[in-house]
Amino acid sequence: FFSPLTMSTPSCLYLEPNGLIPKKLPGHRLPPVPPNCVRVVCISDTHNEHEQLQLPWGHLLVHAGDILTESGMRHVQRAPDKSIRAVRPEGEALLASFAQWLGQQPHPHKVVIGGNHDLVLQGLGPRRVRAVFAEACGAGTMAYLVHEGAAVGPVRVFGSPYARWGSHNDAFLGDPDFSAVPPGTHVLVTHMPPVKPKAGGQSEDPRAVGALLRCGGLLSVSGHCHWAHGVYHTAAGRVPCAVASASGSKWLPATSLHPGPAGRRGDPTDRHHGGYNVAHHPIVCDLAVPGGPPCPQARWRLDAEAAPSPPAERAASAAAQEEGPRAAPVGAELTEGPHAVATREMVQRSARAQSAEAALALGRQADASGAHGQQRQSTQHGLPPLLFFGPPNDPGTAARLQPQLAADFVVHHFEDAEEAVQDIHRSATRYVACVAKLGQRGNLGLSVLEALRAKQGSSPYVAIHSATAARHAGTRERLQERVGVDLFVDHDTEAALLEAVRMVRSRCTPGPTPPADVALNATAVHPPAAASTVPVTGTAPALLFFSGSTDPKAVKRLRPVLEQWFAVHVFVVAQKAIDAIMAGDVQFAVCIAKLGSKGNLGVDVLRVLRAVQGRGPFVAIHSATAAEDRHLQEKLEGSIGVDLFVSHEDEELLLQKMPGLVRS
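About the thresholds
For every chain, the first residue of its written sequence is number 1, and the numbers climb from 1 along that sequence. Given that this is a predicted model, residues contribute local features only at a pLDDT of at least 70 and side-chain atom pairs are listed and counted only at 80 or more, while totals for whole chains, interfaces and linings are drawn from all residues. Remark: hydrogens and water are excluded; side-chain values derive from all non-hydrogen atoms of the structure. As used in this record, nonpolar core signifies buried Ala, Val, Leu, Ile, Met, Phe, Trp, Tyr and Cys residues forming a set joined through side-chain atoms within 4.5 Å. Exposure is judged per residue with a 1.4 Å probe applied to protein chains only, and the accessible area is read against the type maximum: over 50% gives exposed, under 20% gives buried, and values in between give partly exposed. Strands here mean DSSP runs of E at least two residues long; helices mean DSSP runs of H or I at least four residues long; both are numbered from the N terminus. Whether two residues are in contact is decided by their heavy atoms: any pair within 4.5 Å suffices. Cavity and pocket criteria rest on a 1 Å grid covering protein atoms alone: a 1.4 Å probe that fits but cannot get out defines a cavity, protein on both sides within 12 Å along at least 5 of 7 lines defines an open pocket, and an atom within 4 Å of a point defines a lining residue. Grid points are joined across faces, edges and corners, and a volume is the space filled by probe spheres set on the points. For this classification, the nonpolar set comprises Ala, Val, Leu, Ile, Met, Phe, Trp, Tyr, Cys and Pro, the charged set comprises Asp, Glu, Lys and Arg, and every other residue, Gly included, is treated as polar. Helix axes are fitted only over the stretch in contact, all axes being lines through C-alpha atoms; the angle between N-to-C directions runs from 0 to 180 degrees. Within 3.5 Å is the distance limit for a polar contact, defined as a pair of N or O atoms, with the added protein rule that one can donate a hydrogen and the other accept it, and that residues adjacent in sequence qualify only through two side-chain atoms. For two strands to pair, DSSP has to find at least two bridges joining them.

## Concerning the nonpolar core
Next up, step 1: Val157 and Val189 are the most contacted members of the largest nonpolar core, which totals 50 residues.
Next up, step 2: With 6 residues, helix α12 (residues 494-507) is the largest single contributor of residues to this core.
Next up, step 3: Setting aside residues up to four positions removed in sequence, Val189 forms contacts with Val62, Ala64, Val111, Ile113, Val157, Phe158, Gly159, Ser160 and Val221.
Next up, step 4: Core analysis: the second largest hydrophobic core is formed by 39 residues, Ile67, Val87, Ala136 and Phe172 among them.

The structure is reproduced here in structure tokens:
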């Protein structure tokens, strides 16, 4: 039995680009995302036990249905003809609980479809289901698909929950018309697997497989057949098909079910009906998608005209969209139970907290704007200033980008690095973003960026436009360490640059504040981009960073990025960290600790933290030794309660966790 509750670094099945056999790897040991690839994390059939999963990061998280466990006897009311009369409040609350969990996952883009156990989703209808997801996840961050396509950046997905089921669990029953899958679709998501094993080989659904091959698909993601968990390939074309069911294949009585992390099942009615246990690993696939990964701030776009639903479901689907949640008949006992009330209150608290955080951010932006009201940007319709270093060795880039950037910024274009440096030092202008070419010897963009970071700190969003840096990880790492780069692009990924800086621009203007997604650069190997152009203030949660004296570079690398979300308290001496904890003046939300050295141990800091502040703080140990030694991990987990082990190679995983901890 795979229980992620007992594992700080759960495993997954990983399929490399054009690979045939997936590898079982610890989630924190996944290889870096190859250039221009999209990392897709696949799950399905979580059956209310989603909180038992710990997922590795990816650009795209796909859930292929059976979010809940509903056959018509729990949270929906059905007519004799099996049509859905009403959805009980407890059913919608379970969906809201899943949506809340989904919104906390670090993947910037998500896709969800229903499955044959998801009568609640079918009864609520697409409009209401999307509203629940938007409330918990943020508008545009996920796509709920009902036999239709959607796109985010260059990535196109088609999702359909429909199939001819052979059991009484028959949500989304119908014959899907896969001729509706448009050409250019990269990922086909269905609940029923297009390919699954059988004795002596495998079986294929000719309609689904035909659509996958016709549209040039790169991946199929499905579930339903719990026993078939794994990766298969179409006989023609060798397209990978991930059957990503998380649950085991046996339906179990309540006495055999494992509780979730809160000591209870996701759906309390499992105690009456039974259910499934989580048994399988997530599946991670790296896909070579033309155009590379979408920008983290990109938003989903549904196809302009949704593909038709199967004929048997068309009328019901249309009615659900028009009516939204269906009211219960008079006299029906559809009162909210304690679980439904608690879940709904949790969602409402989260929404209020996000609204308050957005208001604070806008207030800080207004203060910053007022403080610099006499600067140059105030003379050009209030547009924020952007520094563009475009040396004369690449005039084409400047000619292409400057007019597009000028639509959203006052662009200060410099061809000479020394002139740009002098402007940074002498001018009162506070740049919200900087786009820089690397330049040539004697006229280097690096000197411009170093001056910008020295004068204005980590606040400006920095993008480097360089084919060399975009292709070479070593170059990116050196630049990241020196100047804290948020995005690396080349000529082919300029669209990602424009989308990213427009998001920065939107955060400088009062209005709806987008959710703080994990913002990786176009090559997906660097720390998250700034969540705001405003420096962290005293309202930020506190983070304790015990660095010891053995690895000063770790602080230099991580601190500027962490300060985007937290008020970072760095301690080199363990006793000083302990004194700060014992003083009780600061409640730490997160603690990152090196193991230290004899007489100056990080474990001493962590023991005191747990004794004083309990299990509240998220604790990560940064140690190559601990990350490699499972026995040592178990010992530290038992004595201290460590949430994550990372090494230098895993720092990206650590940073991906941070925005979710701020929101929680």
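## What about empty space enclosed by the protein?
Next up, step 1: Applying the stated criterion across every chain yields a total of 6 cavities of 30 Å³ or more.
Next up, step 2: Considering only enclosed or pocket space, the largest cavity measures out at about 130 Å³ in volume.
Next up, step 3: Looking at the largest cavity, it is lined by 15 residues, and the ones nearest its centre are Asn48, Glu51, Arg264, Arg265 and Gly266.
Next up, step 4: Examining the composition of the lining of the largest cavity, we find that 3 residues originate from one element, helix α1 (residues 89-104), more than from any other.
Next up, step 5: Residue composition of the lining of the largest cavity, by class: 4 nonpolar, 7 polar and 4 charged.

## Details of the packing of helix α9 (residues 445-456) against helix α11 (residues 473-483)
How two helices pack is summed up by the angle between their axes together with the distance between the axes.
Next up, step 1: At a minimum axis separation of 9 Å, α9 and α11 run at an interaxial angle of 35 degrees. Judged by residue contacts, Leu446, Leu449, Glu450 and Arg453 of α9 engage Leu479, Arg482 and Val483 from α11.
Next up, step 2: Along the lines of polarity and charge, the residues of the contact of α9 with α11 split into 4 nonpolar, no polar and 3 charged.

## Topic: the side chain of Glu494
Next up, step 1: With respect to the element layout, Glu494 can be found in helix α12.
Next up, step 2: For Glu494, a relative accessible area of 9% puts it in the buried group.
Next up, step 3: A polar contact of 2.8 Å, which involves the side chain of Glu494, links it to the side chain of His465.
Next up, step 4: Aside from chain neighbours lying at most four places away, what touches Glu494 is Thr397, Arg400, Leu401 and His465.

## Thoughts on the sheet that holds strand β31 (residues 618-622)
Next up, step 1: If you walk across this open sheet you meet the 5 strands as β27-β26-β28-β31-β32, and the pairing is parallel. In this open sheet, the two edge strands, each paired with only one partner strand, are β27 (567-571) and β32 (644-646). Across the sheet, the axes of successive neighbouring strands diverge by a mean angle of 20 degrees, strand direction being ignored.
Next up, step 2: Strand direction decides the pairing type here: strand β28 (residues 588-594) and β31, joined by 5 bridges, are parallel. Each residue of the ladder has a partner; that of Ala593, found in β31, is Ile621.
Next up, step 3: Its contacts with the sheet put helix α15 (residues 602-613) on β26 (542-546), β28 and β31, and the angle it makes with β28 is roughly 160 degrees.

## A look at the environment of Ala64
Next up, step 1: Along the polypeptide, Ala64 turns up in the loop between β4 (60-63) and β5 (76-78).
Next up, step 2: What makes Ala64 buried here is its relative accessible area of 0%.
Next up, step 3: C-alpha of Ala64 to C-alpha of Ile43: the two residues are 21 residues apart in sequence and 6.5 Å apart in space.
Next up, step 4: If sequence neighbours within four positions are ignored, Ala64 has contacts with Ile43, Ser44, Ile113, Gly114, Val189, Thr190, His191, Val221, Ser222 and Gly223.

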